[in-house]
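Residue strings, one per chain:
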Amino acid sequence: RSGQTVLFVLTDEDSDAPVFTLNRRPYWGTSTPSSLYSWPSYTNGPYAEELRDTIAAIVSANAFVYQFINRGNGQSRKQFGEPRCDKSDADLSNFDRDATIDCLRQDSLGGSLQASVLQSRDTAIVRTFDVLGIQRSGFVESVFVELLADVSTCQMRRRRRRRRRDGLEY
């Protein structure tokens, strides 16, 4: 595969039913599955299963996910992660995977999408940002600059692994 899967996720709340009927799970019916505060856990139940399936798909695709959440709305932090835990420099450069995972664990968010993906693969990336800060001067530009840097770094890792595997690296 020569391309890189990149997903941009913007959400302001938790677990709404998908727009397309084919993507809905049986427990959703035809409307929003529950109130903002009824999503009790990401460790068991149908919503946890949905989250685990999403994590598995991201890891399998070795995708980069840049998610923008409203951390004060519903259960978004439990599901997606915590923007405050996305550890990097102010301009979003020098993302620190380990510090991000540590922060998420300390906030009891070790089972969130961000923590789970970051812990399961060293080349998949999940960055979490507060959607309310998206209009901050230079923010969008910084996100795309870091996306390009992340893709370049990942491509270099893949090439090194391929060379080692093929016996081409001394």
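The following paragraphs examine the structure supplied in this document. (Residues numbered from 1 in each chain as written. Predicted model: local features only at pLDDT ≥ 70, side-chain atom pairs only at ≥ 80, totals over all residues. Heavy atoms only, no water.)

**A word on the overall build of the chain**
So, step 1. Along the chain, the regular secondary structure elements total 5 helices and 3 strands.
So, step 2. For the chain, the succession of helices and strands along the chain, N to C, is β-α-β-α-α-α-β-α.
So, step 3. Per-residue burial for the chain yields a buried fraction of 40% across its 170 residues.
So, step 4. Carbon and sulfur atoms provide 51% of the accessible area of the chain, an area that totals close to 9600 Å². (Helix = DSSP H or I, 4+ residues; strand = E, 2+ residues; numbered from the N terminus. Buried < 20%, exposed > 50% of the residue type's maximum accessible area, 1.4 Å probe, protein only. Areas by Shrake-Rupley, 256 points an atom, 1.4 Å probe, with all protein chains shown as cover.)

**Some remarks on unusual backbone geometry**
So, step 1. Of note, the phi angle at Asn62 is positive, near 55°, even though the residue is not glycine.
So, step 2. By secondary structure assignment, the location of Asn62 is in the loop between α1 (46-61) and β2 (64-69).
So, step 3. The phi dihedral of Asn94 is positive, around 55°, even though this residue is not glycine.

**Some thoughts on the state of the cysteines**
So, step 1. According to the stated counting rule, one finds 1 disulfide in the structure shown.
So, step 2. Two residues, Cys85 and Cys103, share a disulfide whose sulfurs are 2.1 Å apart. Taking the torsion about the sulfur-sulfur bond, which here is approximately -60°, the covalent link between Cys85 and Cys103 counts as left-handed. A residue pair is termed long-range when its members are at least 10 positions apart, and Cys85 in the loop between α2 (76-80) and α3 (97-106) and Cys103 in helix α3 qualify at 18 residues.
So, step 3. According to the relative accessible area criterion, Cys85 is buried, its value standing at 0%. (Disulfide = S-S within 2.5 Å.)

**Observations concerning the side chain of Gln67**
So, step 1. Within the fold, Gln67 resides in strand β2.
So, step 2. Since its relative accessible area comes to 1%, Gln67 is described here as buried.
So, step 3. Dropping the residues within four chain positions of it, Gln67 is found in contact with Val9, Phe80, Gly81, Leu113, Gln114, Val126, Arg127, Thr128 and Phe129. (Contact = heavy atoms within 4.5 Å.)

The values reported here are purely geometric and, on their own, carry no functional implication.
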